[in-house]
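# Results of the structural survey
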Amino acid sequence: MKRIRTLLLPLLALPLAAQGFSVTGSLVQGLDSLKKATNATTAFMAAVDYDTRLYGTEVPARAGLAIGFMPGQERFGLKTSLMLYQLHGDIRIATPSQALSVLVGLSMNTYTMSNSGTENTADALDVDHHFPMHSVKGVKLGLRLGLDYRVSRAWSVEVMLQQTELAGKDLSGDITDGTGTPLVRQGGINPAWVQFGATYRF
């Protein structure tokens, strides 16, 4: 993920020539890496995009903002839910079908996390009874790859695979047990999911 840092900002900052706005609502099917964080695979996304072309070229593109609700499911008395706030940029690659295009993009993401339940702080190694992460603060980078199929002038459907950074392995320990040993957490979580969306263009 860190290798794309130098590529992300130029893509999102490129001057764009306006072509119009669109809104997308998506149902998310989380992969195992998202389930590692929330113990759930169902989530929801909504996005507003600026459909355009890269300035000075004929390459179709879009830039947008998205919000995602990733509710957690209780496990061993603990539940972790996530909210995602995303800035993204995609380019469109033509296919032999005029209605179908490939989407390739990058994203900048911030997450908020809510936890409920009581951890087992008496046993630092009881990872099943500890929340999966200590912190999700900071900007996280992500990759996007999808297909968009134009049903009509106004409507299209899309399927998109996304993966983002989230939380590395926590070696510092925010909470310790009675012996001063840091609680062991899942850590090393980079959520990925497939989203199925419908887009309306104004």
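Residues numbered from 1 in each chain as written. Predicted model: local features only at pLDDT ≥ 70, side-chain atom pairs only at ≥ 80, totals over all residues. Heavy atoms only, no water.

Below, the discussion takes up the overall build of the protein chain. The secondary structure content of the protein chain amounts to two helices and eight strands. Beginning at the N terminus, the succession of helices and strands in the protein chain can be written as α-β-α-β-β-β-β-β-β-β. Residue burial in the protein chain is summarised as follows: out of 202 residues, 39% are buried. Looking at the protein chain alone, contacts between residues at least 24 apart form 68% of all its contacts between residues at least 6 apart. Just so you have it, the protein chain exposes about 10500 Å², and 62% of that area is on carbon and sulfur atoms. (Helix = DSSP H or I, 4+ residues; strand = E, 2+ residues; numbered from the N terminus. Buried < 20%, exposed > 50% of the residue type's maximum accessible area, 1.4 Å probe, protein only. Contact = heavy atoms within 4.5 Å. Areas by Shrake-Rupley, 256 points an atom, 1.4 Å probe, with all protein chains shown as cover.)

To continue, consider a nonpolar patch on the surface. Taken together, L31, I93, V104, L145 and L161 make up a surface patch of nonpolar side chains, about 380 Å² in accessible area. In this fold, V104 is placed in strand β5 (residues 100-116). Judged by relative accessible area, V104 falls into the partly exposed class, the value being 34%. (Patch = residues over 30% accessible without salt bridge, like charges linked within 9 Å, V, L, I, M, F, W, Y side chains within 5 Å. Salt bridge = Lys/Arg side-chain N within 4 Å of Asp/Glu carboxyl O.)

A few words on the environment of T112. Among the secondary structure elements, T112 is positioned in strand β5. Among the residues examined, T112 registers a relative accessible area of 38% and is labelled partly exposed. Distance from T112 to V136, taken between C-alpha atoms, is 6.6 Å for residues 24 residues apart in sequence. Residue contacts for T112: discarding those within four places in its chain leaves S81, L82, M83, Y85 and V136.

Moving on, we get to the side chain of R144. Mapped onto the secondary structure, R144 falls in strand β6 (residues 140-150). The class of R144 is buried, set by a relative accessible area of 5%. Engagement of the side chain of R144 in a polar contact is seen with the side chain of Q86, the distance being 3.0 Å. One polar contact links R144 to D90, side chain to side chain, over a distance of 2.8 Å. Beyond its immediate stretch of four places on either side in the chain, R144 contacts R62, Q86, H88, D90, L103, V104, G105, L106, S107, M160, L161 and Q162. (Polar contact = N/O pair within 3.5 Å; in protein donor to acceptor, adjacent residues only side chain to side chain.)

Note that strand β2 (residues 42-54) and strand β3 (residues 60-70) share 10 bridges and pair antiparallel. What sits directly across from D49, in β3, is G64. Linkage of β2 to β3, two consecutive antiparallel strands, is achieved through a turn of five residues, within which G56 is found at a positive phi near 80 degrees. In the sheet, β3 pairs with strand β4 (residues 79-94) via 10 bridges, with the strands oriented antiparallel. Bridging across to β4, M70 finds its partner in L82. (Pairing = 2+ DSSP bridges.)

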